[in-house]
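Spelled out from the first residue to the last, the chains are:
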Amino acid sequence: MAEPELVAQLRTTLGRLEAALGAVEEALAFTDLDGIVEWTNASFDRFVGLSRLQCLGRSLSGILPHHQPKDPAAHRAGQPFWREAPQGTATWELTSTPPRRVIEVSWATVNVPSKPSLVFTFRDQSAIVQAQDRLIDARDQLEQQVAQRTRELRQARDEALAASQSKTRFLATMSHEIRTPLNAVIGMSDLLLASPMEGRQREMIQTIHESGDYLLNLVNDILDISQIETGRLALNPRTFDLHSLLDDVLNLFRHQASIRQLDLQLSLAPETPRWLIGDDLKLRQILFNLLGNACKYTNQGEIRLVVEATRSSPEAVGLLFRVSDTGIGIAAGSLPFIFEEFVGHDNPEQTSQSAGLGLAICARLCQLMAGQISVESSLGTGSCFSVRLPFAVASKSQKRLTEPPPSDGFDPGWNILVADDNRVNQRVLELMLARLHLSVHLVGDGNAALQSVRSDPFDLVVMDVEMPGLDGISAARQLRREGFTEVYIIALTAYSFSSHRQECEAAGMNDFLSKPLRFVDLCAALDRFRQWRRARPSAPA
């Protein structure tokens, strides 16, 4: 090829190369080793805001926009950045405030014979950096929103906990304040009913006693609902005699049924096991509520408790309890809501008072015991409540654990101390114990109880928990610290939460009685004390 043709072809190729380099987005520049500009493309001209003719022959450092290296420590003061290495990459911030403009610059040495040069590439990273900044801002805002929401939720939780604690304190206080006078009402009427009196007097005392029982049941129902709602009510399974439990529950209502001329019947399937393992107290409460309602809303006819058993295995049994009556019945519109709190019978024939809590508690207790409750009823024909509950069948060794000790009366020689700041409560306890031929020494606060035990070897201390000055729990804890381990301490309190019982046990108290105190409960506690003494080889029965 002739030389003119070669020159023409070279010019054409250079023109194409010029056009191609002018079309790329990256800003390109060639300089000599001292940084004097020899060539630029169109993107570089736009980058520095100068034409190519204005750039040629000038120092690259003098025409570049003001910038701040991301790592200033990597650049030596007074030295052009390309002097640091024959090739490299750096990132510059042209503007540090949002939206940031960031450039990535790369350089390399081009070893052209007799005249080495430097080639510079400037890439605009602003879109990427700004997107990253937006992501970081969004993340920061999200973290702030999460932190704010977390603070709000934590505050709501703390407020809910504070409200729950206030509710618990309120219920505990109200329980204490109501139970304390009820202790005198029920205790004294209980003692009066055991003494001879003429018919009308007995009727009035019986009315007082039943009204006290109603008020006590109402307080217990409210506390039970509260404990179930907060998850503090737990199952306490133990071995129990189902036949004895059913007899006890029915005996509680035989007098009431006879007064109303009602036939109270029990039908127990022969295949029903007698000894079971489960929470007998909650079963007793369910049956008590259902039979109580049946007696309350039945004016004539009969009340029947039917018990059937389904053995799922030799160790487990499912029991079906049906309480049916021929009472006033329940309206169809009330049936879907009958197990809710504060829902009563919508029946004009209803004359008995009701707080509407008993059936709600039955439903909650059945759920707690992994069972269920249902009802069938219609106005004027009566009602039938069905309760299905699972139980474990007790083994022979577990049956022996429940055998009661011989009952041969209580030892009148027991040295008993009663510590209670309420004079009426002192008198109730004194009269109940006198009925058992037991004498007591009375004190009014915890400090007096400490002094009495230190000076006289008491066998049994009945200690009220809530007393001015030194309370019963602190007094019991002090007695245990001083080594009075032979003294049996019974806590007597108007509080009824299980946490309070645990606090008494932690203080070293042996037993726990709730106010209002019933004579049968006191006898049961004294029997447990007697068993405890018999189990200790050094102490006489």
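Structural data are supplied above this passage.
Numbering of residues begins from 1 in every chain and follows the order in which that chain's sequence is written. Reporting of local features is limited, given that this is a predicted model, to residues whose pLDDT is at least 70; pairs of side-chain atoms are given and counted only at 80 or more, and all residues count toward the totals for whole chains, interfaces and linings. The basis for every side-chain value is the complete set of heavy atoms in the structure, and neither hydrogens nor water enter the calculation.

Draft legend 1. Here's a closer look at the overall build of the protein. Only DSSP runs of H or I covering at least 4 residues are called helices, and only runs of E covering at least 2 are called strands; the numbering of each starts at the N terminus. Assigned secondary structure in the protein consists of 15 helices and 18 strands. Contacts in the protein between residues at least 24 apart in sequence constitute 63% of all its contacts with a sequence separation of at least 6. We call two residues contacting when some pair of their heavy atoms lies within 4.5 Å.

Draft legend 2. Quick peek at the sheet that holds strand β14 (residues 416–419). Strands pair, by our definition, only if DSSP identifies at least two bridges between them. Reading across the sheet, the five strands line up as β15-β14-β16-β17-β18 and stay open at both edges, with parallel pairing between neighbours. Single-partner strands in this sheet number two, and they are β15 (440–443) and β18 (511–514). Adjacent strand axes in the sheet meet at a mean angle of 20 degrees, parallel and antiparallel pairs treated alike. Examined bridge by bridge, β14 and β15 share four bridges and lie parallel to one another. Among the inter-strand pairings, V418 is bridged to a residue of β15, identified as L442. As a rule, the C-alpha atoms of each element are fitted with a line to give its axis, helices using only the stretch in contact, and angles between N-to-C directions run from 0 to 180 degrees.

Draft legend 3. View of the packing of helix α7 (residues 242–259) against helix α8 (residues 280–296). Between α7 and α8, the least distance of the axes is 10 Å, while the angle of their chain directions is 30 degrees. Our classification of the angle between α7 and α8 gives roughly parallel. Our pair here, α7 against α8, has a crossing hand that is right-handed. Of α8, the residues touching α7 (which contributes L242, L245, L246, D248, V249, L250, L252, F253 and Q256) are D280, L283, R284, L287, F288, L291, G292, C295 and K296. Side-chain classes are defined by residue name, with Ala, Val, Leu, Ile, Met, Phe, Trp, Tyr, Cys and Pro counting as nonpolar, Asp, Glu, Lys and Arg as charged, and the others, Gly among them, as polar. When the residues that make up the contact of α7 with α8 are grouped by side-chain class, the tally is twelve nonpolar, two polar and four charged. Geometric relationships in this document are graded by angle, where less than 35 degrees denotes roughly parallel, more than 145 denotes roughly antiparallel, 65 to 115 denotes roughly perpendicular, and other angles denote oblique. If you view the pair so one helix is near and one far, a crossing is left-handed when the near helix is turned anticlockwise from the far one by less than a right angle, and right-handed when it is turned clockwise.

Draft legend 4. Summary view of the side chain of D325. Positionally, D325 belongs in strand β11 (residues 316–325). Note on exposure labels: buried denotes an accessible area under 20% of the residue type's maximum, exposed denotes more than 50%, and partly exposed covers the range between, all computed with a 1.4 Å probe on protein chains only. Only four residue types enter the tally: Lys and Arg on the positive side, Asp and Glu on the negative side, with His and both chain ends excluded. Basic side-chain nitrogens of Lys or Arg form a salt bridge, by our definition, when they fall within 4 Å of a carboxyl oxygen of Asp or Glu. Comment: no salt bridge for buried D325; closest opposite-charge side chain is R260, at 10 Å. In this structure the side chain of D325 is engaged in a polar contact, spanning 2.9 Å, whose partner is the backbone nitrogen of G327. The residues touching D325, leaving out its near neighbours within four places in the chain, are A294, T298, E302, I303, T381, G382 and S383. Polar contacts, as counted here, are pairs of nitrogen or oxygen atoms within 3.5 Å of one another; within protein the pair requires one atom able to donate a hydrogen and one able to accept it, and residues that are adjacent in sequence qualify only if both atoms are side-chain atoms.

Draft legend 5. Region of the structure containing the environment of R100. Along the chain, R100 turns up in the loop between β4 (88–95) and β5 (101–110). Of the residues examined, R100 reaches a relative accessible area of 15% and is grouped as buried. In the structure, R100 is positioned 29 residues away from V129 in sequence and 7.2 Å away in space, judged by C-alpha atoms. Polar contacts involving the side chain of R100 include one to the side chain of E93, which spans 2.5 Å.

Draft legend 6. Inspection of the packing of aromatic side chains at higher detail. Classification of ring pairs rests on two measures: the distance between centres of Phe, Tyr or Trp rings, Trp counted by its six-membered ring, which must be within 6.5 Å, and the angle between planes, read as stacked under 30 degrees, edge-to-face over 60 and tilted in between. In this structure the tally under the stated criterion is 14 aromatic pairs. Ring centres 5.0 Å apart and planes at 50 degrees place the aromatic pair Y488 and F529 in the tilted group. On the criterion of sequence distance, the pair formed by Y488 in strand β17 (residues 488–493) and F529 in helix α15 (residues 519–535) is long-range, its members being 41 residues apart. The pair formed by Y488 and F529 is uniform in burial state, with each residue classed as buried. The interplanar angle of 55 degrees and the centroid separation of 5.0 Å between the aromatic rings of Y488 and W532 together place this pair among those described as tilted. With a gap of 44 residues between them, Y488 in strand β17 and W532 in helix α15 connect regions that are remote in the sequence.

Draft legend 7. Examining the pattern of salt bridges more closely. Tallied over the entire structure, the rule returns 17 salt bridges. For E26, the salt bridge goes to R123, with nearest N and O atoms at 3.7 Å. In this pair, E26 sits in the loop between α1 (3–23) and β1 (27–32) while R123 sits in strand β6 (residues 117–124), placing the two residues 97 residues apart along the sequence. Close ionic contact of E93 with R100 constitutes a salt bridge, the shortest N to O distance being 2.5 Å. According to the relative accessible area criterion, E93 is buried, its value standing at 17%.

Draft legend 8. Here's a closer look at the packing of helix α12 (residues 446–455) against helix α13 (residues 472–481). Running from N to C, α12 and α13 point in directions that differ by 25 degrees, and their axes come no closer than 9 Å. In terms of orientation, α12 lies roughly parallel with respect to α13. Between α12 and α13 lies a crossing whose hand is right-handed. Contact residues: G446, L450, V453 and R454 in α12; A475, Q478 and L479 in α13.

Draft legend 9. Representation of unusual backbone geometry in the model. With a phi close to 55 degrees, Q261 is a non-glycine residue in the positive phi region. Position of Q261 relative to the elements: it lies in the loop between α7 and β8 (263–268). The exposure class of Q261 is exposed, given its relative accessible area of 70%. With a phi angle near 65 degrees, A370 is a residue other than glycine that sits in the positive phi range.

Draft legend 10. The arrangement of helix α11 (residues 423–435) in detail. For α11, which comprises 13 residues, the first-to-last C-alpha distance of 18 Å matches the rise-based estimate of 18 Å (1.5 Å per residue) to within 8%. Listing the buried residues of α11 in full gives N425, Q426, V428, L429, M432 and L433. Angularly, the buried residues of α11 cover 160 degrees about the axis, an arc narrow enough to put them on a single face. One side-chain oxygen at the N-terminal end of α11 lies 2.9 Å from the backbone nitrogen of V424; it belongs to N422. Where α11 ends, the next residue or the one after it, H437, has phi of about 65 degrees, a positive value. By definition here, a helix of n residues has an expected span of 1.5 Å times n minus one. Arc definition: directions from the helix axis to the C-beta atoms.

Draft legend 11. Seen up close, the nonpolar core. By size, the foremost hydrophobic cluster in this structure holds 42 residues, and its most contacted members are L283, I286, L290, F321, L389 and F391. Ignoring sequence-local partners within four residues, the contact set of F391 consists of F240, L276, I277, G278, L283, E315, A316, V317, L319, F321 and M369. As used in this record, nonpolar core signifies buried Ala, Val, Leu, Ile, Met, Phe, Trp, Tyr and Cys residues forming a set joined through side-chain atoms within 4.5 Å.

Draft legend 12. Representation of α7 in the model. Over its 18 residues, α7 extends 27 Å from the first C-alpha to the last, a length consistent with the 26 Å expected when each residue adds 1.5 Å. One fitted axis covers the seven residues ending at a residue, a second covers the seven starting there, and the bend at that residue is the angle between these axes. By the largest-angle criterion, F253 marks the main kink of α7, which is about 35 degrees. Within α7, burial applies to L242, L245, L246, V249, L250, F253 and A257. The backbone nitrogen of H243 lies 3.0 Å from a side-chain oxygen of the residue at the head of α7, namely D241. Directly after α7, the chain includes Q261, whose backbone phi takes a positive value near 55 degrees.

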